[in-house]
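Structural overview
The chain contents come next:
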Amino acid sequence: MIVQFLVGIIIGGIPLSVSLLLAGLGEMFTQRSGVFNLGVEGIMMLSAFIGFFTVYTIGSPILGIIAAMAVGALMGLLMGLVSITFKAEQGITGIGLFMFGWGLSGTLFRVYVGGVTTIKGIDGINIPVLSKLPVIGPILFNQNPLVYVAYILVPVASWLLFKTSWGLKVRAVGTTPAAADTVGINVVKIRYQSLVIGGIMAGLAGAYLSICQAHLFADNITAGRGFIAVALVYFGRWKPSGIMGGALLFSMAHSFQRLIQVYGINFPYEIAVIIPYVLVIVVLALTWKSQSLGPLALGKPYDREFRG
Amino acid sequence: MKRFFSLVLMVLLISVSTTVFANGSKEKAESGVIKIALVIPSTIDDMAWSEAMYNGILAVQKKMGKDKLKLDVSERLWNAVDAGSAIRQYASEGYNIVIAHGAQYQSLLNDIAPDFPKTTFAYGTGYAADQPNIFAYDPFAQQGAYLLGMIAGLKTKTNIIGIVGPVESGDAIKYNKGFELGVKAVNPKAKVRIAYTGSFGDLVAAGEIAKSQIAAGADILTGTAQQSVGAIRVAEGAGNVFWLSSDMDQSSLAPKTVLAAQAYNFSKVIEEMIDSRSKGVLGGKHIPLTLKNGMEEIVYNPQLASEITPDMKAKIDAAEKKINDGTLKISVE
């Protein structure tokens, strides 16, 4: 019974973590380069719609995912245009981007689809033999393909950020952009690239929600997951492994509270529902270390002429 | 200059993003024309609570003619502060009936209504009509839910029935209690498991709860609010799981899964308000939506008609009769 309950928590928690993990990893690159993109939620919403709409009209989930990622990249560029080139305040720009994505996705959905419609989408894959293994079978070998993609992207992101020269440039630009500039790193270019990567990842997260998890689109489908992803970047101290840990902790806590309710364990549901949020805040408070680990120039538009 | 451009771009973005919100028309109300404004927390196509009301008004509009009933809608006004300014604006623009479709708007209307004594305001779910120009409409969710619970109790094979709830409040409590009583009335051995998402609109979370419910053995699911749409899709994907709908007939979403629905006939609520106004009564009334007055009804999915045997139908009809003549009282305390 206990084993069954624990396996139930993990099986239920993993699908939940995927959109947070993907969007969080993307936002990590963005923030590492010094741009604070609060618009992840909007990017996810618009790409969830575009992904859904592509599957709805053309029928190909793969094309849907690609289209969603392309939209994410464009949204990243838009954020870059306003916050890097025009040097607008990043927080406000991000909220604008969120509202833009929310409004546009809702409007397009209204005009071109009209009402709630389900799509075929991508279901979980059942790896033969292996998925029949006790305990680890259903956990490891019976998941949606994007689940594997998301978790493979964790070491990939880590390698990209810490082992490549591009990653070094991203970190330099996010910490001391003026110094990076003097050694010939193109601050604007690196920040744009990071924003585009962040947008693509948020787009993938959105596509996962509509194409893999819900198999439909509805207004406000992301329901705050984009903002949680932004919070998880801080939680994970701008490290892929930390973000993965945060996404897992949050999702497992969610899965746990759901199972408490489903199994009718006598526990006030209001408290159960806030467990994940409380847990994240508590861990964040207990593990607070010096700010120097993070990108010091986060949130500051870079201006060559300005000596700060 | 760049800052100026960024400002322009931001304004542009925000204005594009808000085009969804309908604009109230400014012309004066002509005599004989009724202008209705509807303020809803989600959208007119949410396949649940808001759409049921929107469809109700459209049905009345069709009956009366488009030139006799004008309708404007403001969507996504979950936030009471935003809703308040929309309601006030509609009232000051001369709308005859302003409907704030949600229990959360009650105190707002109590604030605004005295300033516009010639305007009728309405909100629901609620029973308190504290001002002479406020109608409170009140779906007796427990009645239809009781009958749906009977269907669930009779249909379940695993004796586990799952409820995917939004937030434990008002309608959801009434619905869940009524449903549970209905199940127990025909199948005392069956277990009813309730799990809440904590949100009215999170479809993905509702879908995940439905998955957990099915994994834990449930073969009949039900749920309320717009979030339920996400759970229906999961029930459909699982195969051999039935869904029982609330608020409106959702069988178009999953014709092989949605067995029956408890649907609200908001058109009759609207008609009663219009009728009442024509007699000079602008509000102050509590309008219950019951099976008896036809504002609430059970709709069976014709594609799954064979699933409801004549024997089951007879039991359900008998219970409905008892509810209507008052011999069967469904307590939600």
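Residues numbered from 1 in each chain as written. Chains lettered and ligands numbered in written order. Predicted model: local features only at pLDDT ≥ 70, side-chain atom pairs only at ≥ 80, totals over all residues. Heavy atoms only, no water.

What to know about the overall build of chain A
Filter applied, for reference: Helical segments are the DSSP runs of H or I of at least four residues, strand segments are the runs of E of at least two, and each set is numbered from the N terminus. We compute the radius of gyration over the C-alpha atoms and compare it with the globule rule, which gives 2.2 Å times the number of residues raised to the power 0.38. Exposure categories follow from relative accessible area, calculated using a 1.4 Å probe and restricted to protein chains: below 20% of the type maximum is buried, above 50% is exposed, and the middle band is partly exposed. By definition, residues are in contact when any of their heavy atoms lie within 4.5 Å. Every accessible area reported is derived by Shrake-Rupley at a probe size of 1.4 Å, with residue values counting cover from the shown protein chains alone. Charged residues are defined here as Lys and Arg on the positive side and Asp and Glu on the negative side; His and the ends of the chain fall outside this count. Think of each charge as sitting on NZ of Lys, CZ of Arg, CG of Asp or CD of Glu.
Looking only at helices and strands, one finds 12 helices and zero strands in chain A. Across chain A, helices and strands are ordered from the amino to the carboxyl terminus as α-α-α-α-α-α-α-α-α-α-α-α. The C-alpha radius of gyration of chain A comes to 20 Å, within 12% of the 19 Å expected for a compact globule of 308 residues. Expressed along its principal axes, the backbone C-alpha trace of chain A runs to roughly 65 × 50 × 40 Å. Across the 308 residues of chain A, 56% fall into the buried class. The contacts in chain A between residues at least 6 apart in sequence include a share of 77% that link residues at least 24 apart. As presented, chain A carries roughly 12,500 Å² of accessible surface, and 73% of it is formed by carbon and sulfur atoms. Treating the 18 positive side-chain charges of chain A as one cloud and the 9 negative ones as another, the clouds have centres 11 Å apart.

Focus on the sheet that holds strand S8 (residues 220-223) of chain B
Residues and elements named next belong to chain B. This is how the line gets drawn: Pairing between two strands requires that DSSP report at least two bridges joining them. All axes are obtained by fitting lines to C-alpha atoms, using only the stretch in contact for helices, and the reported angles, taken between N-to-C directions, cover 0 to 180 degrees.
Reading across the sheet, the six strands line up as S7-S6-S8-S9-S10-S12 and stay open at both edges, with mixed pairing between neighbours. Two strands bound the open sheet, and with one partner strand each, they are strand S7 (191-196) and strand S12 (296-300). Between one strand axis and the next, the sheet turns through 20° on average, direction left out of account.

Points about the interface of chain A and chain B
Filter applied, for reference: Buried area counts how much accessible surface, traced with a 1.4 Å probe, disappears from two parts once they are put together, with both parts' losses summed. For this analysis, a salt bridge means a side-chain nitrogen from Lys or Arg found within 4 Å of a carboxyl oxygen belonging to Asp or Glu. Here a polar contact is taken to be a pair of N or O atoms separated by no more than 3.5 Å, where protein atoms must pair a possible hydrogen donor with a possible acceptor and residues adjacent in sequence count only if both atoms sit in side chains. Residues are grouped as follows: nonpolar covers Ala, Val, Leu, Ile, Met, Phe, Trp, Tyr, Cys and Pro; charged covers Asp, Glu, Lys and Arg; every other residue, Gly included, is treated as polar.
Each partner contributes to the interface: chain A provides 46 residues, whereas chain B provides 42 residues. Across the interface of chain A and chain B, roughly 3,600 Å² is buried in total on both sides, 63% from carbon and sulfur atoms. At the junction of chain A and chain B, the tally comes to five salt bridges. Here B:Arg76 and A:Asp219 are joined by a salt bridge, their closest N and O atoms 2.2 Å apart. Applying the counting rule to chain A against chain B returns 11 residue pairs in polar contact (both at pLDDT 80 or more). Its residues assigned to classes, the side of chain A that touches chain B shows 25 nonpolar, 14 polar and seven charged.

Things to note about the nonpolar core
Filter applied, for reference: Residues enter a nonpolar core if they are buried and are Ala, Val, Leu, Ile, Met, Phe, Trp, Tyr or Cys, with the set joined through side-chain atoms within 4.5 Å. Source of the domain bounds: an automatic or database domain assignment.
In this structure, B:Ile99 and B:Phe179 are the most contacted members of the largest nonpolar core, which totals 159 residues. Ranked by residues supplied to this core, first place goes to helix H9 (residues 187-214) of chain A with 14 residues. Counting residues domain by domain, this core receives three or more from each of domain 1 (21-140 + 266-289) and domain 2 (141-263 + 297-325) of chain B. Beyond its immediate chain neighbours, meaning those up to four positions away, B:Phe179 contacts B:Ala145, B:Tyr146, B:Leu148, B:Gly149, B:Ala152, B:Ile161, B:Ile163, B:Thr222 and B:Leu244.

Thoughts on the pairing of strand S2 (residues 69-74) of chain B
Residue and element names in this part refer to chain B. Put simply, the rule reads: A clockwise path from the first strand over the helix to the second, with the strands pointing away from the viewer, defines a right-handed crossover.
Counting buried residues along S2, five of its six residues qualify, which places the element largely inside the surrounding structure. Here six bridges tie strand S1 (residues 34-39) to S2, and the two strands are oriented parallel to one another. In the strand pairing of S2, Ile36 is matched with Leu71. For the crossover that starts at S1, traverses helix H2 (residues 49-64) and ends in the parallel S2, the hand is right-handed.

Let's talk about the domain arrangement of chain B
Residue and element names in this part refer to chain B. Domains assigned within chain B are domain 1 (21-140 + 266-289) and domain 2 (141-263 + 297-325). Its C-alpha centre places domain 1 at a distance of 29 Å from the equivalent point of domain 2. At the interface, 13 residues of domain 1 touch 16 residues of domain 2. In total, domain 1 and domain 2 occlude about 1,100 Å² of area from one another, counting both sides; carbon and sulfur atoms represent 60% of this. When residues of domain 1 are sorted by the area they lose upon contact with domain 2, Met47, Ala48 and Phe140 head the list and together hold 51% of the total. Here Asp138 makes a salt bridge to Lys174, at a shortest N to O gap of 2.9 Å. The interface formed by domain 1 and domain 2 contains eight residue pairs in polar contact (both at pLDDT 80 or more). Counting only elements with at least two residues in the side of domain 1 that touches domain 2, the list comes to H2 and strand S5 (134-139). With four residues, the top contributor of residues to the side of domain 1 that touches domain 2 is H2. Here the side of domain 1 that touches domain 2 is composed, by residue class, of seven nonpolar, three polar and three charged.

Focus on the pattern of salt bridges
All names here are of chain B. Under the criterion given, the structure shown has 14 salt bridges over all chains. For Glu271, the salt bridge is made with Lys63, and the minimal N-O distance between the two is 2.6 Å. Placement of the pair is Glu271 in helix H9 (residues 266-278) and Lys63 in helix H2, with a sequence separation of 208 residues. For Glu271, a relative accessible area of 28% translates into the label partly exposed.

Concerning the pairing of strand S6 (residues 160-165) of chain B
All names here are of chain B. Taking burial as the measure, the six residues of S6 include six buried ones, the bulk of the element. The alternating pattern of S6 places Ile160, Gly162 and Val164 on one face and Ile161, Ile163 and Gly165 on the opposite face, and all of these are buried. By the bridge criterion, six bridges tie S6 to S7 in an arrangement that is parallel. Across the sheet, Ile163 pairs through a bridge with Ile194, a residue of S7. In this region the chain leaves S6, passes through helix H6 (residues 170-186) and returns to the parallel neighbour S7; the handedness of that crossover is right-handed.

Details of helix H12 (residues 269-286) of chain A
Defined as follows: By this rule the span expected of a helix is its residue count minus one, scaled by 1.5 Å. Here the bend at a residue means the angle between the axes of two seven-residue stretches, the one that ends at it and the one that starts at it.
If you check H12(A), its first and last C-alpha atoms are 26 Å apart, about what 18 residues at 1.5 Å a residue would give, namely 26 Å. In H12(A), a bend of some 45° at A:Ile275 exceeds every other bend along the element, and A:Pro276, a proline, comes one to four places later. The complete set of buried residues in H12(A) reads A:Tyr269, A:Ala272, A:Val273, A:Ile275, A:Pro276 and A:Val280. Tucked into the core, H12(A) has its buried residues touching helix H10 (225-235) and helix H11 (240-262) of chain A together with S7 of chain B.

Structural notes on a nonpolar patch on the surface
Residues and elements named next belong to chain A. Formally: A residue counts toward a patch only above 30% relative accessible area and without a salt bridge, and it is joined to like-charged neighbours within 9 Å or, for Val, Leu, Ile, Met, Phe, Trp and Tyr, to nonpolar neighbours within 5 Å.
On the surface, Ile265, Phe267, Ile271, Ile274, Tyr277, Val278, Val282 and Leu286 cluster together to form a nonpolar patch covering roughly 720 Å² of accessible area. Locating Val282 in the fold gives a position in helix H12. Residue classification places Val282 among the partly exposed positions, given a relative accessible area of 40%.

Concerning the packing of aromatic side chains
Each aromatic ring pair is summarised here by two numbers: the centre-to-centre distance and the angle between the ring planes. Residues and elements named next belong to chain A. The condition is simple: The criterion for an aromatic pair is that two Phe, Tyr or Trp rings (for Trp, the six-membered ring) have centres within 6.5 Å, with stacked assigned to planes under 30 degrees apart, edge-to-face to planes over 60 apart and tilted to the rest.
Evaluated as defined, the whole model comprises 25 aromatic pairs over all chains. Measuring from ring centre to ring centre gives 5.9 Å for Phe29 and Trp166, while their planes differ by 45°; the resulting arrangement is tilted. Highlighted residues: Phe29 in helix H1 (residues 2-32) and Trp166 in helix H7 (residues 165-175), separated in sequence by 137 residues. Judged on exposure class, the residue Phe29 and its partner Trp166 are both buried. Measuring from ring centre to ring centre gives 6.2 Å for Phe52 and Phe109, while their planes differ by 70°; the resulting arrangement is edge-to-face. Here the residue Phe52 occupies a position in helix H2 (residues 40-57), and Phe109 occupies one in helix H4 (residues 90-112), the gap between them amounting to 57 residues. In terms of burial, Phe52 and Phe109 fall into one category: buried.

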